[in-house]
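# Results of the structural survey
Chain residues, written in single-letter form:
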Amino acid sequence: MTAIHEIDYGTPAREGAQAVTLTIDGVPVTVPEGTSVMRAAITAGVGIPKLCATDSLEAFGSCRLCLVQIEGRRGFPASCTTPVEPGMKVTTQNQQIGKLRRGVMELYISDHPLDCLTCAANGDCELQDVAGEVGLREVRYGYEGANHLKAEKDTSNSYFTFDPSKCIVCSRCVRACEDIQGTFALTISGRGFDSVVSPGQLGTFMESECVSCGACVQACPTATLMENTVIEAGTPSHSVITTCGYCGVGCAFEAEMKGSEVVRMTPYKDGQANHGHSCVKGRFAWGYATHPDRITKPMIRHSISDPWREVSWEEAIGYAASEFKRIQAKYGRGAVGAISSSRCSNEETYLMQKLVRTAFGNNNIDTCARVCHSPTGYGLKQTLGESAGTQNFDSVRTADVIFVIGANPTDAHPVFASYMKRRIREGARLIVADPRRIDLVRSAHVEADYHLKLRPGTNVALLSSLAHVIVTEGLVQEAFVAERCDPASFEAWRAFVAKPENSPEAMEAVTGVSAADVRGAARLYATGGNAAIYYGLGVTEHSQGSTAVIGIANLAMATGNVGREGVGVNPLRGQNNVQGSCDMGSFPHELPGYRHVLDDTVRSSFESAWGISLDPEPGLRIPNMFAASIDGSFKGLYLEGEDIAQSDPNTQHVTAALTAMECIVVQDLFLNETAKFAHVFLPGSSFLEKNGTFTNAERRISRVRKVTEPPAGKEDWEITVMLANALGYPMHYDHPSEIMDEIARLTPTFTGVSYERIDELGSIQWPCNDASPEGTPTMHIDQFVRGKGRFLITEYVPTAEKVNRKYPLILTTGRILSQYNVGAQTRRTHNVDWHEEDRLEIHPHDAEERGIREGDWVGIVSRAGETTQRATITERVQPGVVYTTFHHPESGANVITTENSDWATNCPEYKVTAVQVMPVFRSSEWQNRFKQFTEEQLALLEQRITS
Amino acid sequence: MNSIEELIRMANQIGQFHQSFPDRAEGLNGTAMHIRRFWDPRMRRALLAHIDEAGGAGLDEIVLEAIRSYRQELFPPEQPVT
């Protein structure tokens, strides 16, 4: 339920082409064919009591409250399960119907506690509402008979409570878990009176398969499933629609409030990315915003061995500016730079790059997409002509073949994964290419037709062998290629992939995937109807990350799977605003809209708008900044929202670079790992505390709306404006909408974007301009953005990171559902209940060989460093491969990863590190140093001099 | 700045991608222009110095040839950046 009542039409909308007109209580109403009588009635403004029906779920017809009379029909059909027919005459209310409904309601209430005044759902309860609607005045059966009133509560989940005494067994929770989320964790156990909602086999929610998406809680019409925050604080009184600050799905939420306090985050039914669904992070893990670790005063210090000193905003900004100026005067204009984050809004990242290009006078701006999806930007620009995915999320609903490569959507993009699973349940075929057995390979009612369990680092070999089959077996869509693609590049590519050395048989020794499976998967992809590719960091974070993205685009073009719904090339962006931060010119070689700084015309348009000459040379990328710091030519860094000391590879190299700098300014919520090396701390604002926009993985620009004041008093964009002014470059904006207006003036793909327009449309997928005034859900429809699609040859080049006797295993890294990136937010919520530490997954064979048992501490040693974690023994990973996550700093996952990187973009090769794993009894030396340094820094924070 | 070993490794990686282009001239241009468009001038100057002073030891043939062929475009007049 939601406190902020939206109309619930009882059953989902239908999109039938035929309109049907009927009469309900004498009121004529016209609705699409297939619509239920209930929905038609509610559309006509005629309410019908209901309990088991809600418009996010298909009709179930169990509660018997929505019964109506239909002229010419016998009995009292349920309006939720009865489709409309032309000329139908429906009566929703008369004495007979009223009596029947009261009788049903009496039965419900005879087994329901009468504690409405102290119930958490008081005023927010459909059962209470319907009792009123039907005019229930007595319960003739008494409460002495058998009942469920003393059923025990399940409080195992930190975010919600299951109180079975209040359950009316409407099955909405069970159906939400099945139909919306696709997890099938809940069931109705028992029969008749003994029927109860049961997580798993009569266990608790925490013991079950439940992923805490909250769909059941939202679907529950009573207080049976209720958010603990509402139990504690009471029902909210008002709400603000905003956009989630976690992954690249970009779910819309209603932030439900009491005063200025958030009580509940409810996924917004009209959210165009999420359609009313959410995951455990977005719905529940927002408590970090009020965590006591938040730093709420600006702080400075001259050396990282000094205690912090709380100062005014003016002093902090003035000190930071004076330090950057001093460094530039001493070491040169190029000795300072900035790194923004995909956690920042479009407006914030735009201002960051503007500050660097104007106030710093160089192009040393980079963003965390450097270490995740920069190969996507490069590869798709080279082939299709635009650095973005081709589809919207809804496109998967018409996909016949879904090819997931190097992505784990159920963990990293859970709401989109629920769409994907629904489509698979409807019959779409599934190919998964992943070294691990991710959940999509086999879970409830989902099974991949092919799991191409390749060796880490061999994506390009696999993609070329898939292409080989398509080319040599005559599966190319010749007409599409002839019309839409560059013929010379296609012919060169065709000749290349047709070579015998690219055949699945030849590549089997490289990839470890059987030739028969590759052939089968290629045939399915090429001939199975609409085929859509979804990929993630398992593609990009390799030494050939860009080549693999190109290989994916090649496959899609060759099979004609671009330019319409149901197909396409879809990068699943990790963080909320990866797409947006890249769009905003956050790379050192590009101005907003992916236009190169070398382009005189583009540069002059910005020079004219910004009133300053711009550096025409590309600046330093993040790894180049580290290298330049260590060699002494890069001395000052401004970071917003990015924790490079935890997230970037080879931690010891990163911290050496940070230590060598003279001024590090960190703008963030917490004293994160990077901030422990900082000289200025500027307290930032969470997504709940500021205005702006995020752009999700489908190019959808959505509004972020301030629901509460930032505790330090400034939204992040205001801080960047202050710093630019202090550096001597004047910036003035009264509201982030003015920043977006400037972006729109200077960026052709954003010409039609404004806050007003986003508010009108709900959200906008760029390009949005005169040619597409309402945005562009599907790209490249008539022609590719670059004109003709360009094929590029993708020769497999093995990574330089080799296994040998000393380092015989390959480590690959990833994420899990409950934690987000470096964990700075989710570690400060109850999400730690699901993941309190990073663990190393190791195959039973490799574990046994090394004498490792479940839960043992193991040392993980690579050429870059050494750390320890506890082992999880699992067949999810294949022999020879180990896997871990990087959500907890002390686990040191990135102490082990190396500086190997993608040839085109320097995106780190997080996915392939040669390691040895052995049982240990003590922490690694790095972990000991980390612990000591952390204690020192926390003590310096504790000792801070307050103003 | 990246060590010369790192720059050599990165340049060779770029060369390896373009090595397979059937049109050698396109591969050379691609290699040179990638370095031109994505490397900070300090990195490009360090690579050029390595070629001038150490004969480009460690660089693959395609990289050496690309840089020699496109030297003027790769290394515009000194910019007052540092």
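This part covers the overall build of chain A. Scanning chain A from N- to C-terminus turns up 30 helices and 36 strands. Considering only C-alpha atoms, chain A reaches an extent of 90 × 75 × 65 Å along its principal axes. Taken across its 947 residues, chain A has 60% of its residues classed as buried.

Okay, the interface of chain B and chain A next. Across the boundary between the two partners, chain B contributes 20 residues, which contact 26 residues of chain A. Looking at the side of chain B that touches chain A, the elements that each hand over two or more residues are α1 (4–19), α2 (24–38) and α3 (41–54) of chain B. At five residues, α1(B) tops the list of elements feeding residues into the side of chain B that touches chain A. Within the side of chain B that touches chain A, the residues separate by chemical class into 10 nonpolar, seven polar and three charged.

With that settled, the discussion passes to the nonpolar core. Residue and element names in this part refer to chain A. Counting residues in hydrophobic clusters, the biggest one holds 172 residues, and the most contacted among them are Ile 402, Ile 431, Leu 466 and Ile 552. With residues up to four places along the chain from it excluded, the contact list for Ile 402 reads Val 396, Met 420, Arg 423, Ile 424, Ala 428, Leu 430, Ala 532 and Tyr 534. Counting 86 residues, the second-largest nonpolar core is a separate cluster that includes Ile 327, Leu 351, Leu 537 and Leu 658.

Here the focus is unusual backbone geometry. Residues and elements named next belong to chain A. Along the chain, Trp 766 connects to Pro 767 via a cis peptide bond; the corresponding omega equals 0°. Locating Pro 767 in the fold gives a position in the loop between β30 (764–765) and β31 (809–814). The backbone of Ser 171 sits at a positive phi, close to 70°, despite the residue not being glycine. Counting through the fold element by element, Ser 171 comes out in the loop between β5 (160–162) and α4 (172–181). With phi around 60°, His 780 is a residue other than glycine that occupies positive phi space. Structurally, His 780 can be placed in the loop between β30 and β31. By the C-beta count within 10 Å, which is 23 here, His 780 ends up buried.

This paragraph deals with the packing of helix α22 (residues 622–630) of chain A against helix α24 (residues 651–659) of chain A. Residue and element names in this part refer to chain A. Where α22 contacts α24, the two axes come as close as 8 Å, and the packing angle between them is 55°. With respect to α24, the axis of α22 lies oblique. For the pair α22 and α24, the sense of crossing is left-handed. In contact with Phe 626, Ser 629 and Ile 630 of α22, α24 contributes His 653, Val 654, Ala 656 and Ala 657. Broken down by class, the residue content of the contact of α22 with α24 amounts to five nonpolar, two polar and no charged.

Residues and elements named next belong to chain A. The buried fraction of α22 amounts to eight of the nine residues, a majority that puts the element mostly inside the structure. Looking at α22, one finds that the buried residues are Ile 622, Pro 623, Asn 624, Met 625, Phe 626, Ala 627, Ala 628 and Ser 629. The positive-phi residue at the C-terminal boundary of α22 is Gly 632, with phi of around 95°.

Residue and element names in this part refer to chain A. As summarised here, the arrangement of the three strands in space is β9-β10-β11, forming an open sheet in which the pairing is antiparallel. Across the chains shown, the open sheet's two edge strands, defined by having one partner strand only, are β9 (238–243) and β11 (261–267). Averaged over neighbouring strand pairs, the angle between their axes works out to 30° when direction is ignored.

Residue and element names in this part refer to chain A. Summarising the sheet, strand β1 (residues 19–24) and strand β2 (residues 27–32) pair through six bridges and their orientation is antiparallel. Residue pairing across strands places Val 20 opposite Val 31, the latter belonging to β2. Hairpin connection from β1 to β2: two residues lie between these consecutive antiparallel strands, with Asp 25 at a positive phi of about 50°.

Further remarks concern helix α13 (residues 459–472) of chain A. An α-helical segment advances 3.6 residues per turn. Residues three or four places apart therefore align on the same side. Residue and element names in this part refer to chain A. Taking 1.5 Å per residue, 14 residues should reach 20 Å; α13 reaches 20 Å between its end C-alpha atoms and fits that length. With 13 of its 14 residues buried, α13 lies for the most part within the structure. Immediately beyond the C-terminal end of α13, within one or two residues, lies Gly 474, with a positive phi of roughly 70°.

A few words on the environment of A:Val249. All names here are of chain A. Examined against the element boundaries, Val 249 turns out to sit in the loop between β9 and β10 (252–258). You can call Val 249 buried: it has 30 C-beta atoms within 10 Å. Spatially, the C-alpha atoms of Val 249 and Val 68 are 41 Å apart, while their sequence positions differ by 181 residues. Ignoring any residue separated from it by four or fewer positions in sequence, one finds Val 249 in contact with Ala 273, Asn 274, His 413, Val 415, Phe 416, Asn 696 and Ala 697.

Turning our attention to the pairing of strand β33 (residues 857–862) of chain A. Residues and elements named next belong to chain A. Looking at chain direction, β33 and strand β34 (residues 866–873) are connected through five bridges and run antiparallel. Bridge pairing links Val 861 to Glu 866 in β34. As consecutive antiparallel partners, β33 and β34 are separated by three residues. Alignment of β33 against strand β36 (residues 913–919), held across five bridges, turns out to be antiparallel. Along β36, the bridge assignment pairs Val 858 with Pro 919.

Residue and element names in this part refer to chain A. In contact at an axis separation of 9 Å, helix α9 (residues 346–360) and helix α25 (residues 716–727) are set at 10° when each is read in the N-to-C sense. When the axes of α9 and α25 are compared, the pair comes out roughly parallel. For the pair formed by α9 and α25, the contact residues are Glu 347, Glu 348, Leu 351, Met 352, Leu 355 and Ala 359 on the first element and Asp 716, Trp 717, Thr 720, Val 721, Leu 723, Ala 724 and Leu 727 on the second. Across the contact of α9 with α25, the residue classes tally to nine nonpolar, one polar and three charged.

What counts and how
- Residues numbered from 1 in each chain as written.
- Chains lettered and ligands numbered in written order.
- Predicted model: local features only at pLDDT ≥ 70, side-chain atom pairs only at ≥ 80, totals over all residues.
- Helix = DSSP H or I, 4+ residues; strand = E, 2+ residues; numbered from the N terminus.
- Buried ≥ 20, exposed ≤ 12 C-beta atoms within 10 Å, placed from the backbone.
- Contact = placed C-beta atoms within 7 Å.
- Nonpolar A, V, L, I, M, F, W, Y, C, P; charged D, E, K, R; others polar.
- Core = buried A, V, L, I, M, F, W, Y, C linked by C-beta atoms within 7 Å.
- Axes fitted to C-alpha atoms, helices over the stretch in contact; angles between N-to-C directions.
- Parallel < 35°, antiparallel > 145°, perpendicular 65-115°, else oblique.
- Left-handed = near helix turned anticlockwise from the far one by under 90°.
- Pairing = 2+ DSSP bridges.
- Expected span 1.5 Å × (residues − 1).

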